[in-house]
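What follows is each chain in one-letter form.
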Amino acid sequence: MTLGVPLAPPSAGATQPIAALAAPPAIRVRHLWHRFGRFDVLRDVSFDVHAGEIFGFIGPNGAGKTTTIRVMATLLEPMAGRVEVDGLDVTIDPESVRKIIGYMPDHAGVYERVTVREYLEFFADAYRVPTAGTTYAVVDAVMELTDLTKLRDKLVITMSKGMKQRLQLARTLLHDPKVLILDEPASDLDPRARIEIRDLLVELRAMGKTIFLSSHILTELADVCTSVAILERGRLVVAGPIHDIARRLELAAAQPAVPVQAPYAGPPHAAGQALAQGNPFAPPTHAAPTPHVIEIPKRRAKLKVMAPLEAVAATLQVLPNVATVGPGPGGTIIVTYMGDDQSLAGVVRALVMNGIAVVGVEPERNELERIFLEVTKGEVQ
Ligand SMILES: Nc1ncnc2c1ncn2[C@@H]1O[C@H](COP(=O)(O)OP(=O)(O)OP(=O)(O)O)[C@@H](O)[C@H]1O
Ligand SMILES: [Mg+2]
């Protein structure tokens, strides 16, 4: 389905022309500083959001997420630094940026004494979305996409919070924006409404949109985000693809003396140097190539087997990629191993071949929660 305007390609593929490969990131944030009164709310924040990502912006209350988002949405001028959306500077060319973003503020109200359809038609007119005659094909398409068609004649005031949130998201889609910027889109929603919003985000990503969303609820993002940035007290603690960060964490833990650097392409910056001290995720402060560290990360899996721990340990200790075997919760066994799913499959194979029945295998999930706890200090401002 298209919403009237051609959708952006999902991502730059191998067959795309070189110009497309060299396209700017969907959002580029560089050395962003902001201050309210005498209080530095954002301190040298830099990260990239690549086209086609669902990018989670995570941080505790007061970390500066909304402030960053308001700059991206052209509603707040930063004190210093630069933000670009699809290569357009938000301070220099806010009009053009507004055309390509769909912004959903946190806790924004909806007009309540209108129906769903009237609400969306009003905003379609406000956004000057092209309509064919008097029919609002775009409104129909957006209602279909957001599952609001059945509710089209419902008064907004009678809708649940989850449905209102969905309506807000629908509103941001009317002008078919390339980049969605959503401030806490799932806050205050029950689990079902949250899952529905999440599914919708996945669908929008498949349509080629880039989605940037903030949250302080980790589990709401873990399954859906491709990359994250974690903000604490106005400072960026870490940014990048979740698996990369998890791997870097594991490497840093395994070899604390070896500098492990984030894949950051930004210029050197004095403030970044202070941040970089002791922080393996901070942007590099000089142009030296990233040290090449070859180290196999450790992973954990929870096994449920029909044998005592000692028998499992005796079987697995001969495997070179198994590091530890120990007791887990509820009679389970925790195995720490090096490598990927192949290694875990090897663990299961070894057990079965030694006559140990394996009832369940649960690789450690939710890397995001682990990352968050490891890289943040629990500081709020
Ligand atoms: N207009 C303002 N004037 C003064 N201080 C402000 C203003 N807006 C935000 N702040 C302060 O800036 C800090 C960052 O606020 P911000 O809303 O960006 O945080 P947040 O990460 O979005 O938090 P939350 O998770 O609660 O939404 C907070 O300490 C807040 O009190
Ligand atoms: Mg906020």
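All values derive from a computational prediction rather than experimental measurement.

A. Up close: the overall build of the protein. The helix and strand tally for the protein stands at 13 helices and 14 strands. Expressed as a percentage of its 381 residues, the buried residues of the protein come to 35%. Within the protein, counting contacts between residues at least 6 apart in sequence, those at least 24 apart form 69% of the total.

B. Highlighting unusual backbone geometry. If you check the backbone angles, Thr-74 has positive phi at about 65 degrees while not being a glycine. With respect to the secondary-structure elements, Thr-74 resides in the loop between helix H2 (65–72) and strand S4 (80–85). In this model, Arg-128 sits at a positive phi of 55 degrees, which is unusual for a non-glycine residue. Structurally, the position occupied by Arg-128 is in the loop between helix H4 (116–126) and helix H5 (137–145).

C. Expanded view of the packing of H4 against helix H6 (residues 161–173). Interaxial distance between H4 and H6 falls to 9 Å at its minimum, and their mutual angle equals 30 degrees. The angle between H4 and H6 places the two elements in the roughly parallel class. Here H4 and H6 pass one another in a crossing that is right-handed. Contact residues: H4 offers Val-116, Tyr-119, Leu-120 and Phe-123, while H6 offers Leu-167, Ala-170 and Arg-171. Looking at side-chain class alone, the contact of H4 with H6 contains 6 nonpolar, no polar and 1 charged residues.

D. Expanded view of the environment of Gly-109. As for its position among the elements, Gly-109 is in the loop between strand S6 (101–104) and H4. Between the C-alpha atom of Gly-109 and that of Gln-165, which follows or precedes it by 56 residues, the distance is 9.5 Å.

Conventions we followed
Residues numbered from 1 in each chain as written. Chains lettered and ligands numbered in written order. Predicted model: local features only at pLDDT ≥ 70, side-chain atom pairs only at ≥ 80, totals over all residues. Helix = DSSP H or I, 4+ residues; strand = E, 2+ residues; numbered from the N terminus. Buried ≥ 20, exposed ≤ 12 C-beta atoms within 10 Å, placed from the backbone. Contact = placed C-beta atoms within 7 Å. Axes fitted to C-alpha atoms, helices over the stretch in contact; angles between N-to-C directions. Parallel < 35°, antiparallel > 145°, perpendicular 65-115°, else oblique. Left-handed = near helix turned anticlockwise from the far one by under 90°. Nonpolar A, V, L, I, M, F, W, Y, C, P; charged D, E, K, R; others polar.

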